[in-house]
Amino acid sequence: MRDIISLVVPFYNEGKGVLHFFRTIIPILEGIPDTGWEFVCVDDGSTDDTLACLLTCAREDDRFLIVELSRNFGKEAAMTAGLDAATGAAMVVIDADLQDPPELIPTMVEKWREGAEVVVGRRVDRSSDTAAKRITASWFYSLYNRLAKIRVPENVGDFRLMDCCVVDALKSLPERQRFMKGLFAWVGFRTVTIDYVRAARAVGTSKFSGLALWNFALEGLTSFSTLPIRIWTYVGCVGGLLTLLYGLFIVVRTVIFGNPVPGYASIFFAVTFLGSIQIISIGMLGEYIGRIYMETKGRPIYIIRKKSRFN
Ligand code: UDP
Ligand code: MG
């Protein structure tokens, strides 16, 4: 039986790389036995000739499906659009810059045929990234995995093969702000990891500036954790406790040594104690707002892999 697999690629101002990308990847994909391919290319509002190049490819090859977004929505949205449009029995998401080695796709397909539902590539060596990017990435992962309940595996990017049941599960998450790394981890499924070395970009430059990565990290943390607004209960409690201890200390000191500056101690105590109580109440509000926030995401309570009944 011949399976159709969809290759989903987001393109943003990759005009110089489109032809090179397909010239490299198509021979590799065609070498995989018993597999037909569909190339779902999402043009994420590029301002160069990316779209024109993609349309040229599509005219010559009916396996191409071009999805044009009306403006630049960002990679996460572009990938979502591609996965929504793809029809294959499995889908492979890959960047257009050939930083993820397409040579890995045959292995991914093999693992999928052996029963894996998700096959992810893990970068074992990030030396093609700048030191700053590597360090901030490792900070992000350790902070994220401490705060969020669902662990995101480190150094795993968007380069992955997913069975269509996994993609259906992703589509069943109605939330609008989509931090894909987190969502991929959230839906679960049988996952196999393959290690690879990430190459430098073939052509063009990275579309993610420091600020974009910072926003991306904030997005990831806030969409999977409410700790930042709930933590204030504990901060307030600790502050309140310290204030009480300090108050006690002042009382004892006054009893033993007398009171050199009348009024100071009581005012200081009142200010810090009330401050702590206010912080505690902000934390309490955070508890409820955090719950409201998670409820508004409307995520399904569980995801079924498959139901079986034998008789
Ligand atoms: N991309 C996109 N929309 C954007 C930014 C990037 O579709 O707003 C695509 C880009 O064309 C590429 C992939 O996302 O195919 C990864 O981008 P990039 O190589 O710049 O990211 P990096 O490898 O630096 O993380
Ligand atoms: Mg890249």
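Quick look at the structure, then. If you're wondering where the values come from, they're calculated on a predicted model, not measured in any experiment.

Topic: the coordination of the magnesium ion (ligand 2)
For the magnesium ion (ligand 2), every protein donor is listed as Asp 97 (OD) and Gln 99 (OE1), and the spread of their distances is 1.9 Å. When its relative accessible area of 5% is taken as the criterion, Asp 97 is described as buried.

Notes on the site of ligand 1
The environment of ligand 1 is formed by 18 residues, the closest being Asp 44, Asp 97, Arg 198, Ser 206 and Lys 207. At 2.7 Å from an oxygen atom of ligand 1 is found a side-chain nitrogen or oxygen belonging to Glu 14. Asn 72 is positioned with one of its side-chain polar atoms (N or O) 3.1 Å from an oxygen atom of ligand 1. For ligand 1, whose unbound accessible area comes to 530 Å², protein coverage reaches 93%. Here the shell around ligand 1 is composed, by residue class, of five nonpolar, four polar and nine charged.

Description of the sheet that holds strand β3 (residues 64-68)
An order of β3-β2-β1-β4-β6-β5-β7 is seen for the seven strands of this open sheet, with the pairing classed as mixed. Edge positions in the open sheet fall to β3 and β7 (191-197), since each of these has one partner strand only. Averaged over all neighbouring strand pairs, the angle between strand axes comes to 25°, with direction disregarded. Inspection of the sheet shows strand β5 (residues 118-125) paired to strand β6 (residues 156-163) by four bridges, in the antiparallel sense. Among the inter-strand pairings, Val 120 is bridged to a residue of β6, identified as Arg 160.

Cut-off values and rules
- Residues numbered from 1 in each chain as written.
- Chains lettered and ligands numbered in written order.
- Predicted model: local features only at pLDDT ≥ 70, side-chain atom pairs only at ≥ 80, totals over all residues.
- Heavy atoms only, no water.
- Donors = N, O, S within 2.8 Å, 3.2 Å for Na, K, Ca; no water.
- Buried < 20%, exposed > 50% of the residue type's maximum accessible area, 1.4 Å probe, protein only.
- Near = heavy atom within 4 Å.
- Polar contact = N/O pair within 3.5 Å; in protein donor to acceptor, adjacent residues only side chain to side chain.
- Areas by Shrake-Rupley, 256 points an atom, 1.4 Å probe, with all protein chains shown as cover.
- Nonpolar A, V, L, I, M, F, W, Y, C, P; charged D, E, K, R; others polar.
- Pairing = 2+ DSSP bridges.
- Helix = DSSP H or I, 4+ residues; strand = E, 2+ residues; numbered from the N terminus.
- Axes fitted to C-alpha atoms, helices over the stretch in contact; angles between N-to-C directions.

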